[in-house]
Amino acid sequence: MAVAALQPQSMSQLQRHPGPSGLAEVLDVILDKGIVIDVYLRVALVGIELLTVDARIVIASVDTYLRFAEAVNRLDLTQVGKQETLPEMVGDMTQSGAGGKTKGILEGAKEALFGGGGEDEDDGQEQSSGGARGGGSGSSTQRSRASGGGSGGRSRSGSRSR
Amino acid sequence: MALYVYGIMRPGEARRAAEAINREARHRVQVVEGERASALVSPMAAGDLRLRRETVMAHADVLQAAFAHGPVLPLRFGIVVADADSLAREVLEGPFQQPSERLDTLDGKAEMQLKATYCEEPLLRSILAHDSALRRDAQRIQKLPPAATHFERIRLGEAIAAAVEVRQLADRAALLRALAPLAVAHAVGRPHHERAVANLSFLVRRESLARFDRAVEALSRERADEMEFKLIGPLPPYSFADGNVVLGSGAAGASWG
């Protein structure tokens, strides 16, 4: 991490596509977007509905939780606690020191996570679950604003029309 | 005859778009003309108002091809009207507020959709590195057989999902801070993945597209250790057609209204 922070010209992980390709991506690009007019007829979606749900609704579920846990299980955790905490802090300082655009991001995350700045890690983790919950509700607020233009179909509610 | 409606364009551009699309024989489209706005449509067989996989692809294809000929107001996928008369009367000339003005507003602007996704391992490592309680839980669970720790695993995963959400808030805000000033407007979409950082749409002036692309490239380099980015576009302004958008912070002097 620290090494990468000192070498900002690392490989980027950017894919560019001039347009959507494949059904799932097209659905993702066009669904719930665009003008709705009043006079439209009722139509039937053939074989699209299920796919639609698959493609676009991301629900935090037990499946998600188990996937995260499974992924954690594959990590070498002896490496995580001892060696990553320090380099990561060094990385933070390097980035803010360089006046990079990432300044404030990690601080912001910490503040949200630990419910306030300035605490070190071990003090902060007592509050982490409360802070995380607060952050969670904040994010659903954002989401509802995001889908405000549409007729509904928010990710959590899974509602859809037609 | 029932018509599937793709989108609305200015009359001359709609005609040219339809000619080009039909010439390339990808899809058969027709134009329903209004005085100041026209619609691109395809006839649907009577009694068979069903939308299939092909309709989804055609919707995106037609709008994308039309977009090369001028500004387009995409209609929401799946809109079918009874006939050309009612479309002209009630939409192109009717209560729908000035489609031609919106088209003028959207002229020269395209939508860029950016999806940022956390890379799994760096994300989990970072979350665990910042939370010693989670780390201890994870280490303990790792030593036990899966069957004995099913519910603990669910709780661990839930705590991680909560930590991911906290990160999303901060990181999404950071991406917006970097990119919104380069756009006329932006919209925040639903998370596209359980490790989504953000699913963002930006309305960008054509002359700013290269600059926007460079900014995304710079972000993706800066965050290469932790995130993957997918940038789709230039697209017709799917997310900005209905005017219900969040103005970009760099929108000073923008004609969006």
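Only a predicted model underlies this, so the values are computations on that prediction, with no experimental measurement involved. Every chain's residues receive numbers from 1 upward, in the order its sequence appears when written. Lettering for chains starts from A, numbering for ligands starts from 1, and both go in the order in which the items are written. It should be noted that, the model being predicted, local features are given only for residues of pLDDT at least 70 and side-chain atom pairs only at 80 or more, the latter also being counted only at that level, while totals for whole chains, interfaces and linings use all residues.

Caption draft 1: Broad picture of the overall build of chain B. Under the scheme used here, helices are H or I runs from DSSP no shorter than 4 residues and strands are E runs no shorter than 2 residues, and both carry numbers assigned from the N terminus. Tallying secondary structure elements over chain B gives eight helices and eleven strands in all. Radius of gyration: over C-alpha atoms. The globule rule applied is 2.2 Å multiplied by the number of residues raised to the 0.38 power. Radius of gyration (C-alpha) of chain B: 23 Å, far over the 18 Å computed for a compact globule of 257 residues. The principal-axis extents of the C-alpha atoms in chain B amount to approximately 70 × 45 × 35 Å. Partly exposed residues are those whose C-beta has more than 12 but fewer than 20 other C-beta atoms within 10 Å; with 20 or more the residue is buried, with 12 or fewer it is exposed, and the C-beta atoms are placed from the backbone. By the burial criterion, 53% of the 257 residues in chain B qualify as buried. Here, residues touch in the contact sense if the C-beta positions derived from the backbone fall within 7 Å of one another. Partitioning the intrachain contacts of chain B with sequence separation of at least 6 by distance along the chain shows that 77% fall at a separation of at least 24.

Caption draft 2: Here's a closer look at the overall build of chain A. The helix and strand inventory of chain A stands at eight helices and two strands. Overall, chain A shows an N-to-C arrangement of helices and strands of α-β-α-β-α-α-α-α-α-α. The 162 residues of chain A split such that 26% are buried. Pairs at least 24 residues apart make up 48% of the contacts formed inside chain A by residues separated by at least 6 positions.

Caption draft 3: Focus on the nonpolar core. Residue and element names in this part refer to chain B. Ranked by size, the top nonpolar core spans 96 residues in total, and within it Val5, Leu40, Ala66 and Ile160 carry the most contacts. By residue number, the principal contributor to this core is helix α7 (residues 150-179), which donates twelve residues. Setting aside residues no more than four positions away along its own chain, Ala66 makes contact with Gly7, Met9, Ala17, Ile21, Leu40 and Val72. Each nonpolar core consists of buried Ala, Val, Leu, Ile, Met, Phe, Trp, Tyr and Cys residues. Their C-beta atoms, within 7 Å, join them into a set.

Caption draft 4: Just the confidence of the model for chain A, in detail. Residues and elements named next belong to chain A. When the pLDDT values of chain A are averaged, the result is 53; 28% of them are 70 or greater. The spread of mean pLDDT over the elements of chain A runs between helix α6 (residues 105-114), the lowest at 33, and strand β1 (residues 14-17), the highest at 93. Every residue is assigned a pLDDT by the predictor, reflecting its confidence on a scale from 0 to 100. In this model residues 1-9 is a low-confidence stretch, pLDDT under 50, and it forms 18 contacts with partners more than four residues away in sequence or in other chains. Confidence over residues 49-56 falls short of pLDDT 50; this stretch has nine contacts with residues more than four positions distant or in other chains.

Caption draft 5: Fine view of unusual backbone geometry. The omega torsion across Gly233 of chain B and Pro234 of chain B is 10 degrees, close enough to zero to call that bond cis. Mapping Pro234 of chain B onto the fold places it in strand β10 (residues 227-235).

Caption draft 6: A look at the domain arrangement of chain B. Residues and elements named next belong to chain B. Domain limits in this description derive from either an automatic procedure or a database domain assignment. Domain annotation of chain B identifies domain 1 (3-107) and domain 2 (110-247). Averaged C-alpha coordinates put domain 1 and domain 2 at centres separated by 34 Å. Counting residues at the interface gives nine residues for domain 1, matched by six residues for domain 2. Taken together, the elements giving at least two residues each to the side of domain 1 that touches domain 2 come down to α2 (53-67), β5 (72-74) and α4 (99-106). Counted by class, the side of domain 1 that touches domain 2 contains six nonpolar, two polar and one charged residues. Residues are sorted three ways: Asp, Glu, Lys and Arg are charged, Ala, Val, Leu, Ile, Met, Phe, Trp, Tyr, Cys and Pro are nonpolar, and all the rest, Gly among them, are polar.

Caption draft 7: Fine view of α2 of chain B. Relative to the 21 Å expected for 15 residues at 1.5 Å per residue, α2 of chain B spans 22 Å between its end C-alpha atoms, a close match to the ideal helical length. Within α2 of chain B, burial applies to Val56, Ala58, His59, Ala60, Val62, Leu63, Gln64, Ala65, Ala66 and Phe67 of chain B. Looking at the packing, one finds that the buried side of α2 of chain B touches α2 (23-30) of chain A together with β1 (3-9), α1 (11-23), β3 (38-43) and β5 of chain B. Here, expected helix span is obtained from the residue count minus one, scaled by 1.5 Å.

Caption draft 8: Structural context of the confidence of the model for chain B. Residues and elements named next belong to chain B. Mean pLDDT for chain B: 88, with 92% of residues reaching 70 or above. Ranking the elements of chain B by mean pLDDT puts strand β11 (residues 246-247) last with 40 and strand β7 (residues 109-118) first with 97. Below pLDDT 50 for its whole length, residues 244-257 participates in 31 contacts with residues either more than four positions away or in separate chains. In the model output, the complex is listed with pTM 0.72 alongside ipTM 0.80.

Caption draft 9: Focus on helix α4 (residues 62-74) of chain A. Residues and elements named next belong to chain A. Under the 1.5 Å per step criterion, the end-to-end length of α4 is 18 Å for 13 residues, consistent within 8% with the ideal 18 Å. Those residues of α4 lying buried are Tyr65, Phe68, Ala69 and Val72. Along the axis of α4, the buried positions cluster into a sector of 95 degrees, meaning they face one direction only. Among the exposed residues of α4, those oriented more than 90 degrees off its buried face are Asp63 and Arg74. Here the arc refers to the set of directions running from the helix axis out to each C-beta atom.

Caption draft 10: How the structure looks around the packing of α1 of chain B against α2 of chain B. Residue and element names in this part refer to chain B. Following both chains from N to C, one finds α1 and α2 inclined at 120 degrees, their axes separated by 9 Å at the closest point. Judged on the interaxial angle alone, α2 and α1 are oblique. α1 and α2 meet at a crossing whose hand is right-handed. Within the contact between the two elements, α1 uses Ala17, Ala20 and Ile21 and α2 uses Val62, Ala65 and Ala66. Here the contact of α1 with α2 is built from residues that sort into six nonpolar, no polar and no charged. Note on geometry: axes are C-alpha line fits, over the in-contact stretch for helices, and angles between N-to-C directions span 0 to 180 degrees. Each angle gets one of four labels, with under 35 degrees taken as roughly parallel, over 145 as roughly antiparallel, 65 to 115 as roughly perpendicular, and the rest as oblique. Note: crossing handedness is left-handed where the near helix turns anticlockwise from the far helix by less than a right angle, and right-handed where it turns clockwise.

Caption draft 11: Expanded view of the packing of α7 of chain B against helix α8 (residues 209-222) of chain B. Residues and elements named next belong to chain B. As a packed pair, α7 and α8 sit with axes 10 Å apart at the nearest point and diverge in direction by 145 degrees. Note on packing geometry: the crossing formed by α7 with α8 is right-handed. Seen from α7, the contacting residues are Leu175, Ala178 and Leu179; seen from α8, they are Phe212, Ala215, Val216 and Leu219. For the contact of α7 with α8, the per-class residue count stands at seven nonpolar, no polar and no charged.

Caption draft 12: Examining the pairing of β10 of chain B more closely. Residues and elements named next belong to chain B. With respect to burial, β10 is a largely interior element, seven of its nine residues being buried. The rule for pairing is simple: two strands pair if DSSP sees at least two bridges between them. Examined bridge by bridge, β7 and β10 share seven bridges and lie antiparallel to one another. Pairing of Gln113 across the sheet is with Ile232, part of β10.

Caption draft 13: A look at the environment of Glu35 of chain B. Residue and element names in this part refer to chain B. Mapping Glu35 onto the fold places it in the loop between β2 (30-33) and β3. The exposure class of Glu35 is exposed, given the 10 C-beta atoms found within 10 Å. Sequence separation of Glu35 and Ile232 is 197 residues, and the distance between their C-alpha atoms is 33 Å.

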